[in-house]
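# Overview (structure and organization)
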Amino acid sequence: MKELLHREYRNRRAFQNYIGFYSEYKWRFVLVWLMYVVKAAPVFVLPVLTAEVINMITEPGLEPQLFTRRLYEILGIGFVVVVQNIPSHMLYVWLMSVPCRTVERDLRSALCTRLQHLSIPYHTTTKMGSLQNKVTRDVESIENMTRMLLDTVPHLLCSLVVAFAVTLYKAPLFVIFYIAVVPLAVILFVSIRDRMVRYNRDFRQSIEEMSGRVTEMLRLIPITRAHHVEDLELDNVNRRLDRIRTAGLQVDYINSIFASVNWVLLMLFNLATLVLIAFLYKKQILKIGVGDVGLLAGYFGTITTTVLAAMNCLPAITKGLESVKSIGEVLECPDIELNADKPMVTEVKGDFLFDHVSFSYPGNQKHALEDICLHVREGETVAFVGASGAGKSTIAHLVIGFVRPSSGRLLLDGVDMNTIDLRSYRKFISVVTQETLLFDGTIRDNICYGVNPTEFELMDAVRSADLLDLVESLPEGLSTRVRENGARLSGGQKQRIAIARALLRDPRVLILDEATSALDVESESQIKTALDRLIKGRTTFIVAHRLSTIRDADRIVVMNRGRIAEIGTHQELLAMNGIYADMNRKFTAAQ
Ligand SMILES: Nc1ncnc2c1ncn2[C@@H]1O[C@H](COP(=O)(O)OP(=O)(O)OP(=O)(O)O)[C@@H](O)[C@H]1O
Ligand SMILES: [Mg+2]
């Protein structure tokens with residue numbers, strides 16, 4: 001699986017990448033093909049036996065005894081050749097399925113691994129639905145293509161070889177006709193290939209776009225319903241569905257031209273050879289039995305249908321290769337957190353130094369943060385306030401390591417955060433945000449996410465996060481299932497779960513971004529004790545709109561348009577009579 005992550009997808013052709021997925025199964029595939037020949041033997045042997053029987057019937061003066069003996073021989077051979085298909089087919093499927101299913105799993109696992117490593121900005125800008133599509137649909141197309149190749153290629157080769165050999169033996173002249181079929185098909189494919197590739201790409205992209213849109217639509221349904229803008233949403237989705245319809249029609253159109261022209265050409269060819277055989281037989285140019293005429297005509301039929309079958313695989317192969325490109329986009333996406341080879345952190349004190357840090361989000365010209373200089377000491381609680389868009393959450397993202405400074409440095413305990421393995425650092429932090437994400441599991445699972453506490457520690461956290469009443473009121477207590485995203489819980493309940501989660505992790509650094517925004521004043525004051533306990537002795541970054549939450553912070557930083565405008569304790573800032581004092585007046589008036 002590792003190998004899948006370290007390939008260079010962009011510099012190679014899709015087919016090369018595709019072959020690479022299965023490189024370790026080369027010999028097994030040879031075996032699959034051999035097994036195919038064995039299992040498909042009846043298809044090639046039965047016509048020969050049939051021809052033999054017809055020849056025998058039409059042969060004048062064949063002794064009845066010899067006739068019967070040969071007939072039994074033919075029956076015996078036929079029986080064995082047909083019945084062996086059961087074990088050989090099973091073996092064939094097993095030989096083929098193992099690599100197919102393994103690569104299917106490995107590709108999905110590689111995609112998920114890469115998605116876990118891709119940066120948070122990548123995820124916020126890429127639609128979830130389109131990524132889901134890659135993990136499910138594209139991997140499936142690749143697997144389908146493999147199964148088809150393993151089935152069709154040996155079939156094609158066998159048919160060609162057998163037909164070729166038998167014809168060479170019975171009527172060498174006809175080999176020329178076989179040879180003519182192949183270039184005919186190839187010319188047709190080459191003339192149509194570019195359009196087929198392009199239409200498939202458009203189709204795949206419009207499907208991804210639609211999946212992304214549908215996921216978003218599902219997420220927005222409560223808001224859409226509340227604002228009665230269902231029609232707008234549906235218009236939006238329908239527009240994408242229209243695009244898929246157009247792209248799909250184009251794919252169908254090109255596939256249909258291809259299939260029908262192929263079919264007609266090959267059938268005409270078939271017809272021509274049949275007439276020719278009859279003609280040559282009648283004129284006594286071809287000295288063969290009646291059975292052989294049937295055999296030759298039959299093989300022409302086989303050859304044309306096989307070439308047709310092979311050509312009909314081409315649309316699916318084009319689709320499969322498009323999927324290889326599609327997953328390659330993710331597997332080779334460079335936008336990952338570079339943690340490899342960086343030293344692990346084994347201890348975090350919690351001293352942060354923002355050294356002239358500026359930051360702007362990709363694709364956004366405006367600085368989200370500009371020239372931030374700030375020293376947050378070990379164990380200190382620093383609160384950030386300011387208007388919406390002032391850059392408070394961006395500071396939190398820098399501290400978590402979701403984003404890195406565009407210029408300047410952020411030092412953790414004196415070490416540049418760019419130089420450490422952020423994954424090891426994050427074991428020491430806890431994050432509680434405004435939007436608490438819960439997964440489909442029990443309350444206990446959600447609280448214990450990533451940690452393994454004792455029952456006592458768990459109950460202590462539940463109590464401290466003021467969750468005991470809730471838990472006791474539920475018939476199944478901690479084992480109550482919360483649906484995906486905590487659909488069964490209130491915003492405040494979800495936030496308290498997040499606080500319990502943070503308590504259990506016992507972090508060195510705490511990041512609270514609007515952590516209490518979903519709580520009413522009363523619950524907030526109840527939780528305040530829990531939070532105070534949580535904050536004690538840890539470096540804490542608090543972002544809050546409600547000033548009551550942050551009065552006790554060691555320092556308050558007032559942000560204004562990405563810059564630090566004021567800094568000091570509550571009292572000092574009030575005395576300064578600047579932005580903070582103004583905010584405080586408005587806040588107290590509103591209370
Ligand atoms: N993912 C993003 N891509 C581009 N720009 C962003 C992104 N996130 C935030 N910004 C911009 O960065 C600036 C700072 O945003 P930030 O989220 O830090 O504000 P904030 O102070 O947390 O605001 P709020 O109080 O509303 O949460 C804003 O101007 C915003 O437009
Ligand atoms: Mg914010």
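A few words now on the environment of glutamate 59. Summarising the element assignment, glutamate 59 is placed in the loop between α4 (41-58) and α5 (64-83). Along the sequence, glutamate 59 and isoleucine 187 sit 128 residues apart, while their C-alpha atoms lie 44 Å from each other.

The next point concerns the site of ligand 1. Contacts to ligand 1 come from Thr124, Tyr361, Asn364, Ala368, Gly386, Ser388, Gly389, Ala390, Gly391, Lys392, Ser393 and Thr394. Its residues placed into classes, the shell around ligand 1 shows three nonpolar, eight polar and one charged.

A separate point is the sheet that holds strand β12 (residues 563-568). A sheet is described by the order of its strands in space; here six strands give the open sequence β6-β9-β10-β3-β11-β12, paired in mixed fashion. Because the sheet does not close on itself, it has two edges, and the strands there are β6 (429-433) and β12. Recorded for the sheet is a direction-independent mean angle of 15 degrees between the axes of neighbouring strands. As judged from the five bridges shared by β6 and strand β9 (residues 509-513), these two strands associate in the parallel manner. Residue pairing for β9: threonine 433 is matched across the bridge by aspartate 513. Lying over the sheet, helix α12 (residues 392-400) contacts β3 (381-386), β6, β9, β10 (539-543) and β11 (555-560), oriented at roughly 150 degrees with respect to β10. Most of the contacts of helix α17 (residues 491-505) go to β6, to which it runs at about 170 degrees, and overall it touches β6 and β9.

Following both chains from N to C, one finds helix α10 (residues 230-282) and helix α11 (residues 290-331) inclined at 170 degrees, their axes separated by 10 Å at the closest point. In this view, α10 runs roughly antiparallel relative to α11, as classed from their interaxial angle. Of the residues in α11, those in contact with Asn255, Ala259, Asn262, Trp263, Leu266, Phe269, Asn270, Thr273, Leu274, Ile277 and Tyr281 of α10 are Val293, Leu296, Ala297, Phe300, Gly301, Thr304, Val307, Leu308, Met311, Asn312 and Pro315. For the contact of α10 with α11, the per-class residue count stands at 15 nonpolar, seven polar and no charged.

On to the pairing of β9, then. Among the five residues of β9, five are classified as buried, and the element is accordingly described as predominantly covered. Pairing of β9 with β10, which is carried by five bridges, proceeds in the parallel orientation. Bridging across to β10, leucine 512 finds its partner in isoleucine 542.

Thresholds, definitions, all that
- Residues numbered from 1 in each chain as written.
- Chains lettered and ligands numbered in written order.
- Predicted model: local features only at pLDDT ≥ 70, side-chain atom pairs only at ≥ 80, totals over all residues.
- Helix = DSSP H or I, 4+ residues; strand = E, 2+ residues; numbered from the N terminus.
- Near = placed C-beta within 6 Å.
- Nonpolar A, V, L, I, M, F, W, Y, C, P; charged D, E, K, R; others polar.
- Pairing = 2+ DSSP bridges.
- Axes fitted to C-alpha atoms, helices over the stretch in contact; angles between N-to-C directions.
- Contact = placed C-beta atoms within 7 Å.
- Parallel < 35°, antiparallel > 145°, perpendicular 65-115°, else oblique.
- Buried ≥ 20, exposed ≤ 12 C-beta atoms within 10 Å, placed from the backbone.

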